[in-house]
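What follows is each chain in one-letter form.
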Amino acid sequence: MEQKRVYKVVLTGGPCGGKTTGQARLCTFFENMGWKVFRVPETATVLLSGGIKFTDLNAEEAFKFQENLLRTMIQIENTFFQLGDSCSRNCLIICDRGAMDASAFISKDKWELMMASNGWNNVELRDNRYNQIIHMVSAANGAEEFYSTEDHACRSEGMELARELDYNAAAAWVGHPYFDVIDNSQDFDTKICRMIECVCQKLGIDTGDRLRASSRKLKFLVKGPLPEDAFPPYQDFDVVHNYLQSKTPKLQARLRKRGQKGHWSYIHTIRRPKMCGQVVEVKTQLTHRDYLNMLAQLDDSHFTIFKRRRCFLINNQYFQLDIYREPGHPRCRGLMLLETYTALSGEELKRILPQFLTIEKEVTGNPDYSMFNLSLREEWNSTNKYCHTLHGLSDGAGAESKKSHSHYHHRYHYEETNGSPIKKHDNGLTSISNGDTDRSGDATVNSMENKVQKEVQNGDINGTKHHNNNNKASERKDCVSKNCGSAESSSNNLSEKLNDGIVENGTAHNQYELKNGLKI
């Protein structure tokens, strides 16, 4: 039986960005597919329409207003979230702005004070509360001739203020793992279609070519050192990736731990080979307990990958810079990769790239930059686990890549083929309750991860030493020829069984067979 899905998306942005129209169109689109759709009203509009004028408030009143606004917003959202959980159908919940938008209107110090006094933290409010954030760029930034305040009772911003508010609204969400910026580079109808397709992509719903906006994921090799003083406002995260044993060939399973200041979120990803012209990822949000259970299933043929992920916004474009850290294989030493989603190319693409970074080359679609290959313990010229074909590369392309190993000092993971965007399918748990994603299990999780790090440090870093487990009988398949992905393994001493990398226990998550991104 298919598992019901509850998907929470925030539509945010500056004045006159298309949020109201976008919400209506997104609602109609999903209702036509048989989904139940809830639309959470904008809390600020509800309060301001009652006669409150923010400009009339003194500093203390403004702080209390924002605090009460956020409390009210959370309660209203929780009402809709509970209805979504109890609904028998797939449910889309569209929030007109979200919790982090309030941080755009007060100073950082006051925001931290508000967090501390209410027991909140940014990771919970930003990363774990919502599945996806979509920023609709204000018409005041790129479509000035269409900017208007006439049709909104609570809108009176001039052009310059609208641009400032637009930037602040986007900056408030920098760091969310699924944050998309929809700019004004195309006409308004196309902008709305891009927004709808963006949601469908994350859900793994194939829309054919009716919404396609040719946006694709690009990755670039960055040369150090980084000019720290040149960065716009950014968010830094600690990220840890671990590959898991996989019972099924041609499949990769991995865990990701991502956090700030001791607060963490956990994601389990199943990456399936190319099917019907697309690569499919199944992403499941985990509690710390699920994460700990699945750490017991680490694939010993891979190192743990440690990164510092820097997220920032510049030129109306959202970027992530991954900075690889020790311990790890020497091939990852000093590696820095920049990634973004865009439909631009050529000179237009060059203009939006951060000019303060030294970009050596584009590495989109290069298997030498696959995180799967980067994490292999063995050297590439002496292993049969190097993966060429998961993303649809021809054998010839893969062979050429492997021939050139000695010419590459940095490798990275790519998530598309020939410019086609991947389809991501979020499944399983859609929210974390009772704070399970952070403090309550970190001591145990960190203990196991410290053990992993020690294994990495004590092992042969060049991959000539193999970790053997007498309790495990592992049959290794040739990834180069047919079976691309994690090694096919079986284990007699694990308390959980693996089914495509999913723990089969009390918190098992149902998986879907996918065809063209649609559940069948």
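So, how was this worked out
Residues numbered from 1 in each chain as written. Predicted model: local features only at pLDDT ≥ 70, side-chain atom pairs only at ≥ 80, totals over all residues. Heavy atoms only, no water. Helix = DSSP H or I, 4+ residues; strand = E, 2+ residues; numbered from the N terminus. Buried < 20%, exposed > 50% of the residue type's maximum accessible area, 1.4 Å probe, protein only. Contact = heavy atoms within 4.5 Å. Areas by Shrake-Rupley, 256 points an atom, 1.4 Å probe, with all protein chains shown as cover. Expected span 1.5 Å × (residues − 1). Arc of directions from axis to C-beta. Salt bridge = Lys/Arg side-chain N within 4 Å of Asp/Glu carboxyl O. Pairing = 2+ DSSP bridges. Axes fitted to C-alpha atoms, helices over the stretch in contact; angles between N-to-C directions. Lys, Arg positive; Asp, Glu negative; His and termini not counted. Parallel < 35°, antiparallel > 145°, perpendicular 65-115°, else oblique. Left-handed = near helix turned anticlockwise from the far one by under 90°. Nonpolar A, V, L, I, M, F, W, Y, C, P; charged D, E, K, R; others polar. Phe/Tyr/Trp six-rings, centres within 6.5 Å; stacked < 30°, edge-to-face > 60°. Lys NZ or Arg CZ within 6 Å of the ring centre and 35° of its normal.

### Here's the deal with the overall build of the chain
Part 1 of the argument: Along its length, the chain carries 12 helices and 21 strands.
Part 2 of the argument: Counting all 520 residues of the chain, 56% fall into the buried class.
Part 3 of the argument: Here the contacts in the chain between residues at least 6 apart in sequence split such that 75% fall between residues at least 24 apart.
Part 4 of the argument: Of the roughly 22,200 Å² of accessible surface on the chain, 48% is carried by carbon and sulfur atoms.

### A look at helix α6 (residues 159-173)
Part 1 of the argument: Compared with an ideal rise of 1.5 Å per residue, which puts 15 residues at 21 Å, α6 spans 22 Å between its outermost C-alpha atoms and is within 8% of the ideal.
Part 2 of the argument: All of the buried residues in α6 are Ala162, Leu165, Asp166, Ala169, Ala170, Ala172 and Trp173. Along the axis of α6, the buried positions cluster into a sector of 155°, meaning they face one direction only.
Part 3 of the argument: Looking at the buried side of α6, the elements it contacts are β1 (6-13), α5 (122-128), β4 (132-136), β5 (179-182) and β11 (305-314).
Part 4 of the argument: Phi for Gly175, located one or two positions after α6, is positive at around 115°.

### Description of the environment of Val137
Part 1 of the argument: Along the chain, Val137 turns up in the loop between β4 and α6.
Part 2 of the argument: Judged by its relative accessible area of 1%, Val137 falls in the buried class.
Part 3 of the argument: Spatially, the C-alpha atom of Val137 lies 8.4 Å from that of Pro15, the residues being 122 residues apart in sequence.
Part 4 of the argument: In contact with Val137, not counting residues within four places along its chain, are Gly17, Asp166, Val181, Ile182, Asp183, Asn184, Lys191 and Asn316.

### Focus: the pattern of salt bridges
Part 1 of the argument: For the structure on display, the rule yields 23 salt bridges.
Part 2 of the argument: Between Lys307 and Asp322 there is a salt bridge, with the nearest N and O atoms lying 3.2 Å from each other. Of the two residues, Lys307 sits in strand β11 while Asp322 sits in strand β12 (residues 317-325), which places them 15 residues apart along the sequence.
Part 3 of the argument: Because the salt bridges share partners, they merge into one network encompassing Glu228, Asp236, Asp238, Arg308, Arg310 and Arg325.

### Observations concerning the sheet that holds β5
Part 1 of the argument: The sheet built from 5 strands is open, its strands ordered β2-β3-β1-β4-β5 with parallel pairing. What marks the edges here is a single partner per strand, and that holds for β2 (36-40) and β5. Neighbour-to-neighbour, the strand axes of this sheet turn through a mean angle of 20°, independent of strand direction.
Part 2 of the argument: Against the sheet, helix α1 (residues 19-32) makes contact with β1, β2, β3 (91-96) and β4, and its axis sits at roughly 175° relative to β3, the strand it touches most.

### Remarks on the side chain of Asp166
Part 1 of the argument: Locating Asp166 in the fold gives a position in helix α6.
Part 2 of the argument: Here Asp166 sits buried without a salt bridge, and the closest side chain of opposite charge, Lys191, lies 7.3 Å off (N-O distance).
Part 3 of the argument: For Asp166, the residues in contact, after removing those within four places along its chain, are Gly13, Gly14, His135, Met136, Val137, Ser138, Asn141 and Asn316.

### Remarks on unusual backbone geometry
Part 1 of the argument: For the bond from Gly224 to Pro225, the omega torsion is 0°, close enough to zero to count as cis.
Part 2 of the argument: Here Pro225 lies in the loop between β6 (216-223) and β7 (234-243).
Part 3 of the argument: Phi at Lys261 takes a positive value of approximately 50°, unusual for a residue other than glycine.
Part 4 of the argument: As for its position among the elements, Lys261 is in the loop between β8 (252-260) and β9 (263-275).

### Some remarks on the pairing of β6
In regular strands, side chains alternate between the two faces of the sheet.
Part 1 of the argument: Of all the 8 residues making up β6, 6 are buried; the element is thus mostly covered by neighbouring parts of the structure.
Part 2 of the argument: Across 6 bridges, the pairing between β6 and strand β13 (residues 336-342) is antiparallel. Across the sheet, the residue bridging to Leu221 is Leu337, located in β13.

### A look at the packing of α1 against helix α7 (residues 188-203)
Part 1 of the argument: Orientation of α1 relative to α7, taken along the N-to-C sense of each, is 50°, at an axis distance of 10 Å. On the basis of the axis angle, α1 is oblique to α7. In terms of crossing hand, the pair formed by α1 and α7 is right-handed. Contacts between α1 and α7 involve Thr21, Gly22, Arg25, Leu26, Phe29 and Phe30 on the former and, on the latter, Phe188, Asp189, Ile192, Cys193, Met195, Ile196, Val199, Cys200 and Leu203.
Part 2 of the argument: Residue composition of the contact of α1 with α7, by class: 11 nonpolar, 2 polar and 2 charged.

### Here we look at the environment of Trp264
Part 1 of the argument: Inspection of the secondary structure puts Trp264 in strand β9.
Part 2 of the argument: Residues Trp264 and Thr287, spaced 23 residues apart in sequence, show a C-alpha to C-alpha distance of 9.8 Å.

### Some points on the packing of aromatic side chains
Part 1 of the argument: A complete count under the given rule lists 14 aromatic pairs for this structure.
Part 2 of the argument: Ring geometry for Tyr130 versus Trp173: centroids 5.7 Å apart, planes at 75°, classification edge-to-face. Taken together, the residues Tyr130 in the loop between α5 and β4 and Trp173 in helix α6 connect sequence positions 43 residues apart. For the pair Tyr130 and Trp173, a shared accessibility class is recorded, and that class is buried.
Part 3 of the argument: One aromatic cluster is present, formed by Phe231, Tyr234, Phe312, Phe319 and Phe356 through successive ring pairs.
Part 4 of the argument: Its end group placed over the ring of Phe237, Arg258 keeps NZ or CZ at 3.8 Å from the ring centre.
Part 5 of the argument: Over the ring of Tyr234 we find Arg310, and its NZ or CZ is 3.9 Å from the ring centre.

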